[in-house]
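Spelled out, the chains give:
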Amino acid sequence: MPHGSPGESAELDQRTGLPQGASAKVESFGQRAAGSGQRAAGSGQRTVLLAVRSAGALHRLLDALPVFEGDTRITTRFTLVPGSEFDLDALAALERSGARCLSWEEACRRPHDLVLSASPKGALWALSGPRVLLPHGAGFNKAISGEGSPRIPSGLDPHYLLADGEPLAALHALAHGDQLARLTESCPPAAARATVVGDPTLDRLLRSLTARDSHRAALGTGERRLIVMTSTWGPESLLARRPELPLALLTALPVDAYQFGLVLHPNEFSRTGSFDLSRQLAPALRAGLLLARPHEEWAALLVAADAVITDHGSTALYAAAAGRPVIGAYDGGSELMAGSPMAGLLARAPRLTGPASLPEALEAARATDVRASADAAFALPGRSLPHLRRELYRLLGLRSRAVPVAPHPFPLPTTTPQQPTALAVRAQPAGRRIVIERFPCDTSSAVHHLAAAYPQAGPRQLQSAAVLWTRADPDARAPHASSWTAAGWTARILDEAPGCRTAAAILTSERCLLRHRRAGLLSLRIESCRADGRVRRVDPAAVVSAVHAWLGANPGWVPPASASLSCELGPLTVQVELAEADEEDLDYEL
């Protein structure tokens, strides 16, 4: 029988084989599923058991389950394979999925018509029925030190693929012919039971690409470039080796031109926990970092992304297959397998040396074709589910339904980034043209002024900001509550904050009332950008900073004169009309 790996949990319940803290919970799963899972003799019913070892493996299995959709002859049950250090998080993922589950003890006792798993580790040999190993990731790119045979990825390792010298699985469902060739070299008995079916997860990603605009709208990306960092797990991961990179990028590049996201391997969420990850990444999250949730949002960010920065984790191969430019940030080590598709990708991709080099690396990445690396990892793009369904129904001894099977698109992301409440502003006024770049306040760049949101920013930022703004929110007013007019609020702010030179009430996306200590009360009208049938808008707070900088550079301008300004904010340029305040703006209730 295969042996457990050094990373597995040590203290197991002797009866269930699970960690002590998980046994009772899994027993309750088993009780809920009592009486299910066995087919009557001679019936057309079949039971499929999905054996889950980690949250990431569960997600892979869920991506493949559409092969059984609409078939009332199939009953699915799940069980948690004991022994992994990530099993408690897998247990929580199972519970969130709403799956009907069996305890490990019950799963080992019952017969099954098919057993599906996305990992060869653990005591799968104890489960009865034909076993099928599905892809766990995009190829076999990493070898984990201390697990199985040295320098062989676990997906190719005879240590895990053979039980008492015999192949563990009745079928190895592989994503590419190169994987079959590598499996033939490392474990010929297992390769004799392997076939290429493609990758169901890739097909979900490809199916989702047509919704790119909707994904970007859900993330609030707009016309900015969304740069997604991807980090695998372990000591050679991007986050382990360069934990400062997310914040460094966010503070080095203007928020109106760039948006940044981070995709972490599910094992990193399991190992560290969402609470501690949020604590560790808090400065970057406050600066606007998007942290993808561990199940489907990683793909949502790839759909929306303009480019990907990656270590040696295989998520970047999915990005390459989706046509996204890739920038390498792997510092080398012992885990990456030479000759693997991921090694080939990193050899082709330009490298990120530091935050300041990102614009140059991005342009180089856009000119570098990395699809060949994806082609070496994925066969049959868009066709994996029909091929997989054919193989699984053959093992089940059933004729598959004639209904076409198709991948489910990934849902729109629901994570929304925090908006920085204070921004350091670099301004370049020249005549009636102003170029504005805004950065989170942790930036070390020389800036023109500090702008802050009232009352969300901290006390020190509110005291030192030259520009303070607030956003009108009529829907947030409580019944019978008193409110400020825009004119009253701006007067109050200049009275209470001696360091503030400009106070602005943002009334709508196109209207602001601004009070300047010298120029007095002004109305701003912001024109939207219209091109290719689309309407593009900018953050009015950025326009307020542009007007503040222009007023400082033009001390002779005073109402009732009007001015038409051209404001460049990241990739967009908008026209702004500046005039003496009108009554409607003065009396607008905040």
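Keep in mind the model is a prediction, meaning the values are calculated, not measured.

Definitions and limits used
Residue numbering note: each chain is counted from 1, following its sequence as written. With pLDDT at 70 or above as the cut-off, local features in this predicted model cover only qualifying residues; side-chain atom pairs require 80 or more to be listed or tallied, and sums for whole chains, interfaces and linings still use all residues. For the side-chain quantities, the full set of heavy atoms in the structure was used; hydrogens and water were omitted. In this description a helix means any DSSP run of H or I spanning at least four residues, a strand means any run of E spanning at least two, and both kinds are numbered starting from the N terminus. Note on contacts: a residue pair qualifies if any of its non-hydrogen atoms lie within 4.5 Å across the two residues. Residue burial considers only the protein chains on display, and all accessible areas are found by Shrake-Rupley using a 1.4 Å probe. Pairing between strands requires that DSSP locate at least two bridges from one strand to the other. Counted as salt bridges are all cases of a side-chain nitrogen of Lys or Arg within 4 Å of a carboxyl oxygen of Asp or Glu. Here, nonpolar core means buried Ala, Val, Leu, Ile, Met, Phe, Trp, Tyr and Cys residues that are tied together by side-chain atoms lying within 4.5 Å of each other. A simple rule labels every residue: compare its accessible area, found with a 1.4 Å probe on the protein chains alone, to the largest value its type can have, and call it buried under 20%, exposed over 50%, or partly exposed in between. For Phe, Tyr and Trp, rings pair up if their centres lie within 6.5 Å, where Trp contributes its six-membered ring, and each pair is then called stacked (planes under 30 degrees apart), edge-to-face (over 60) or tilted (otherwise). Any Lys NZ or Arg CZ that is within 6 Å of a ring centre and within 35 degrees of that ring's normal is treated as a charge sitting over the ring. Nitrogen and oxygen atoms within 3.5 Å of one another constitute a polar contact, given that in protein one can donate a hydrogen and the other can accept it, and given that sequence-neighbouring residues count only through two side-chain atoms.

Undergrad: I would appreciate a short explanation of the overall build of the protein in the present structure.
TA: Scanning the protein from terminus to terminus reveals 24 helices and 25 strands. For the protein, long-range pairs separated by at least 24 residues make up 68% of all intrachain contacts whose partners lie at least 6 apart in sequence. Total accessible area on the protein is roughly 24200 Å²; 51% of this is exposed by carbon and sulfur atoms.

Undergrad: Just to check I follow, could you spell out the sheet that holds strand β13 (residues 307-310) for this structure?
TA: Picture the strands of a sheet paired through backbone hydrogen bonds; they go either parallel or antiparallel. Pairing is parallel in the open sheet, where five strands are placed in the order β12-β11-β10-β13-β14. Single-partner strands in this sheet number two, and they are β12 (290-291) and β14 (326-328). By the bridge criterion, two bridges tie strand β11 (residues 258-264) to β12 in an arrangement that is parallel. Across the sheet, residue Leu262 finds its bridge partner in β12, namely Leu291.

Undergrad: Looking at this structure, how should I read the pattern of salt bridges?
TA: Opposite charge on two side chains makes pairing possible when the charged atoms of those side chains draw close. Here the structure, examined in full by the defined rule, presents 30 salt bridges. Across the salt bridge formed by Glu297 and Arg293, the nearest N and O atoms sit 3.3 Å from each other. Note that Asp585 and Arg525 form a salt bridge whose closest N and O atoms lie 2.9 Å from each other. Of this pair, Asp585 sits in helix α24 (residues 583-586) while Arg525 sits in strand β21 (residues 520-526); the two residues are 60 residues apart in sequence, bridging distant segments of the chain.

Undergrad: I'm lost on the nonpolar core in this one. Help?
TA: Nonpolar side chains tend toward joint burial in soluble globular proteins. Counting 38 residues, the largest nonpolar core has Leu524, Val543, Val547, Leu551, Val574 and Leu578 as its most contacted members. Excluding anything up to four places from it in sequence, Leu551 contacts Leu514, His516, Arg518, Ala519, Leu522, Trp557 and Leu578. One finds Ala138, Leu226, Val228 and Val263 within the second-largest nonpolar core, a separate group that totals 37 residues.

Undergrad: For this particular structure, what's the right way to read the packing of aromatic side chains?
TA: Both the distance between ring centres and the angle between the ring planes are used here to describe each pair of aromatic rings. By the definition in use, this model includes seven aromatic pairs. Between the aromatic rings of Trp298 and Phe410, the centroid separation amounts to 5.9 Å while the plane-to-plane angle is 70°, which identifies the pairing as edge-to-face. Residue Trp298 is found in helix α15 (residues 297-304), and its partner Phe410 is found in the loop between α20 (384-396) and β15 (422-430); the two are separated by 112 residues along the sequence. Both residues of the pair, Trp298 and Phe410, belong to the buried class. Centroid distance Trp550 to Trp557: 5.7 Å. Interplanar angle 70°. Geometry classified as edge-to-face. You can call Trp557 buried: its relative accessible area is 9%. Joined through ring pairs, the aromatic side chains of Trp298, Tyr318, Phe378 and Phe410 make up one cluster. Over the ring of Tyr160 we find Lys121, and its NZ or CZ is 5.6 Å from the ring centre. A cation over an aromatic ring shows up here: Arg204 above the ring of Phe410, its NZ or CZ 4.0 Å from the ring centre.

Undergrad: Just to check I follow, could you spell out the side chain of His176 for this structure?
TA: For His176, the location among the structural elements is in the loop between β8 (171-174) and α6 (177-186). Side-chain polar atoms of His176 contact the backbone oxygen of Asp375, separated by 2.8 Å.

Bear in mind that shape data such as this cannot, by itself, settle questions of function.
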